[in-house]
Amino acid sequence: MKNQIDRNLSPHDLPLKARQIKAGGMTAKCLDINIKTFGCQMNVRDSEVIGGLLARAGYEITDDEEKADIVIFNTCSVRQMAENRVWSAVGNAVNRKGVPPIIGISGCMANNYREAIFEKAPAVDFVVGTADIGKLPEIIKEIQKHKGSLNEKKIYETDAEFREDEIYHTGFRLDKEHAFVVISEGCENFCSYCVVPYVRGKLRSRNAEDILKEIKADVDAGISKITLLGQNVNAYGSPVTGHRSPVNFIELLKKVNVIPGLKEFTFVTSHPKDTAIELFKAIAELDKLRKYMHLPVQSGSDRILKMMNRRYTRENYLNLARSYREIVKGGELTTDIIVGFPGETEKDFQDTFDLVKEVEFNAGFIFKYSPRPHTEALKWPDDVPREEKERRHALILELQRKISKKLKA
Ligand code: SAH
Ligand code: SF4
Ligand code: F3S
C-alpha cells in the first residue's frame, strides 16, 4: 500500500498487472479465456469467481490476452476515467492482429449501460451484470454456437437481483497466501455522487455459515490471510432489505477470528455512520484482526457532507478518529477524499484540508469529483473548474504525503 498513494489508488484497487488472472485450470484442449479486471477489490474477487465458474465449465483461463479466444472485461464505473480505460482496452482487443476474440463485458459498466454497450462498441458479443455472473458458462456456450454463422447473437443479462452462494465455492484462487471473501453485496447508502448502489443493487448480506465455510476451505488450501469485502461491511447483517443473516458484523469478526489455521484478517470498507466504539474494541481485542481501518471521510465540510448524503458531521468523524487512535493503539487509519464536489467553495476545501491535518491519516486516497449517471449529484452543476480540482487534489495529496512519511518515520 505504501507506494499506492503516488498512483492514487485506493485500497479498493490493485496494480493493473496483479489483476490479470494468471491461473490455468483444464488440461483438455479447450478455448482460452482472458479476464481483465478494472476497479476495486470486489471486482478482483468477482474475476476469480468468473474464472472458477468457467474453469469448471471446461475453459482454460489464460493471462495471454493476444492468444485468448474470449476476452472478458470486468469493468468499473466509479469515475469517468475508469470507464475511459475500459473503452480503450476494448478497442485494443477489437483491433488486435489475427482473428478477433469473442468479447464480453461484465462488472459495473454492464449494469450501468446494459444493451446500450452494443451501440457504443458493436464488437462486444455479450454483457453480463454484476449479479448475473452465474449465467456466464451458459451465455458463452450460446455465443460460441452462433459465432461466425449467419445468425450471430448478442446476449445481455443484467437483471438478476442476487447471486447464488454456490458461485463463491469453486475453490479457484489466484493468490496462494491471501484471499478476498465477499461478506455483503451491493449498497443502499446512496451517497449522492456514487454510482455503486445503481450498479451493484441493494445491500445483501451472505449467510455467516457460507462465509465461514468459504474461509475454512481457503485455509485448508493453504491460505493464511483473508480480507472480508463489502461496500459497507459494518452494515453487514443489519436489518435492511434482503438481509439473510442473523449475525452482526462484530459477531462475524469474532467467528472468523477463531478459525484454526487462519493467521490474519482485515476488512474493507467501513462507513462512518455505521462505525461505533464496539468495532474499535473488537479491532483492539481480536488477536488475528489487523490493527487497521479504512474509514472514508470524503469531505471535512458539514455543508458538503450533507449534500453528499453521508449522514455524519465533521465532529462525528473527528470523534470517531480520536476514539480509534485511543482504543486501537498503534493502529493504522486510512481514508478516501473527494475534492471538487459540486458547489465546493474554498472554505469547504479548507475544512477538508484542516481535517486531514488534524486526523493524520496513515494514508489517504484523493479523488477528483466525476459526475456519474443516475446519481443525485448529477442535478447540481459540476462547477468546480478542472484546474481548481487539480489544485485542490495536489494540495491534499502533498499534505497527506508529508503526514504518511512522518508517521512511518
Ligand atoms: N463503498 C466504498 C467504496 C466506494 S468507491 C466506500 O463507501 O468507501 C471508492 C471511493 O471512490 C469512494 O470512497 C469515493 O471517495 C470515490 N468516489 C466514488 N464516487 C466518486 C465520484 N463520482 N467521483 C469521484 N470519486 C468518487
Ligand atoms: Fe458508494 Fe456511499 Fe455506498 Fe460507498 S457507501 S459504495 S460511496 S453509495
Ligand atoms: Fe468497484 Fe468500480 Fe464497481 S469501484 S463496485 S468496480 S463501480
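As the structure is a prediction and not an experimental result, all values here were calculated from the model. (Residues numbered from 1 in each chain as written. Chains lettered and ligands numbered in written order. Predicted model: local features only at pLDDT ≥ 70, side-chain atom pairs only at ≥ 80, totals over all residues. Heavy atoms only, no water.)

**Here we look at the site of ligand 3**
The full set of residues close to ligand 3 is Cys40, Asn43, Thr75, Cys76, Ser77, Val78, Cys108, Arg200 and Gln231. Across the shell around ligand 3, the residue classes tally to four nonpolar, four polar and one charged. (Near = heavy atom within 4 Å. Nonpolar A, V, L, I, M, F, W, Y, C, P; charged D, E, K, R; others polar.)

**A short note on unusual backbone geometry**
In this model, Val268 is joined to Thr269 through a cis peptide bond whose omega is -5 degrees. Despite not being glycine, Asn309 shows a phi value in the positive range, around 60 degrees. Along the chain, Asn309 turns up in the loop between helix H11 (302–307) and helix H12 (314–327). Even without glycine at this site, His374 takes up a positive phi of about 75 degrees. Tracing the chain through its elements places His374 in the loop between strand E14 (363–368) and helix H14 (386–408). What makes His374 partly exposed here is its relative accessible area of 44%. (Helix = DSSP H or I, 4+ residues; strand = E, 2+ residues; numbered from the N terminus. Buried < 20%, exposed > 50% of the residue type's maximum accessible area, 1.4 Å probe, protein only.)

**Observations regarding the packing of helix H8 (residues 208–220) against helix H9 (residues 249–257)**
It is at 11 Å that the axes of H8 and H9 come closest, and there the two elements cross at 30 degrees. Looking at the two axes, H8 sits roughly parallel to H9. For H8 against H9, the interelement crossing comes out right-handed. Between H8 and H9, the residues in contact are Ala208, Ile211, Leu212 and Ile215 and Leu252, Lys255 and Val256, respectively. Of the residues contributing to the contact of H8 with H9, the split by class is six nonpolar, no polar and one charged. (Axes fitted to C-alpha atoms, helices over the stretch in contact; angles between N-to-C directions. Parallel < 35°, antiparallel > 145°, perpendicular 65-115°, else oblique. Left-handed = near helix turned anticlockwise from the far one by under 90°. Contact = heavy atoms within 4.5 Å.)

**Concerning the nonpolar core**
Core analysis: the largest hydrophobic core is formed by 53 residues, its most contacted members being Ile215, Ile226, Leu228, Leu253, Val256 and Phe267. Structurally, this core is a two-domain feature, drawing no fewer than three residues from each of domain 2 (175–290) and domain 3 (292–409). Those residues within four positions of Ile226 in sequence are excluded, and the remaining contacts are His178, Ala179, Val181, Ile215, Asp218, Leu262, Glu264, Phe265 and Thr266. Core analysis: the next-biggest nonpolar cluster, separate from the first, contains 31 residues, Ile33, Ile61, Ile72 and Phe180 among them. (Core = buried A, V, L, I, M, F, W, Y, C linked by side-chain atoms within 4.5 Å. Domains from an automatic or database assignment.)

**What to know about helix H3 (residues 80–94)**
A rise of 1.5 Å per residue sets the reference length of H3, with its 15 residues, at 21 Å; its end C-alpha atoms lie 21 Å apart and thus fit the reference within 8%. Those residues of H3 that fall on the buried side of the exposure criterion are Ala82, Glu83, Val86, Trp87, Ala89, Val90 and Ala93. For H3, the angular spread of buried residues about the axis comes to 165 degrees, placing them on one side. Along H3, exposed side chains directed more than 90 degrees from the buried face belong to Met81 and Asn92. Structurally, H3 contributes buried residues whose contacts are with strand E3 (70–75), strand E4 (102–107), helix H4 (108–113) and helix H5 (116–120). (Expected span 1.5 Å × (residues − 1). Arc of directions from axis to C-beta.)

**Quick notes on the domain arrangement of the protein chain**
According to the domain assignment, the protein chain consists of domain 1 (4–157), domain 2 (175–290) and domain 3 (292–409). Taking only C-alpha atoms into account, the centre of domain 2 sits 24 Å from that of domain 3. The interface is formed by 24 residues belonging to domain 2 together with 29 residues belonging to domain 3. Across the interface of domain 2 and domain 3, roughly 2,300 Å² is buried in total on both sides, 69% from carbon and sulfur atoms. When the buried surface of domain 2 facing domain 3 is broken down by residue, Ser192, Tyr193 and Phe280 rank first, second and third, together holding 33% of it. For the pair domain 2 and domain 3, the number of links is one salt bridge. (Buried area = accessible area lost by both parts, 1.4 Å probe. Salt bridge = Lys/Arg side-chain N within 4 Å of Asp/Glu carboxyl O.)

**Some points on the site of ligand 1**
What surrounds ligand 1 is a group of 15 residues, the closest being Tyr193, Gln231, Gln298, Asp336 and Ser370. A distance of 3.0 Å separates an oxygen atom of ligand 1 from a polar atom in the side chain of Arg79. Counting residues per element, the ones that place at least two in the shell around ligand 1 are strand E13 (332–339) and E14. Residue composition of the shell around ligand 1, grouped by class: six nonpolar, five polar and four charged. (Polar contact = N/O pair within 3.5 Å; in protein donor to acceptor, adjacent residues only side chain to side chain.)

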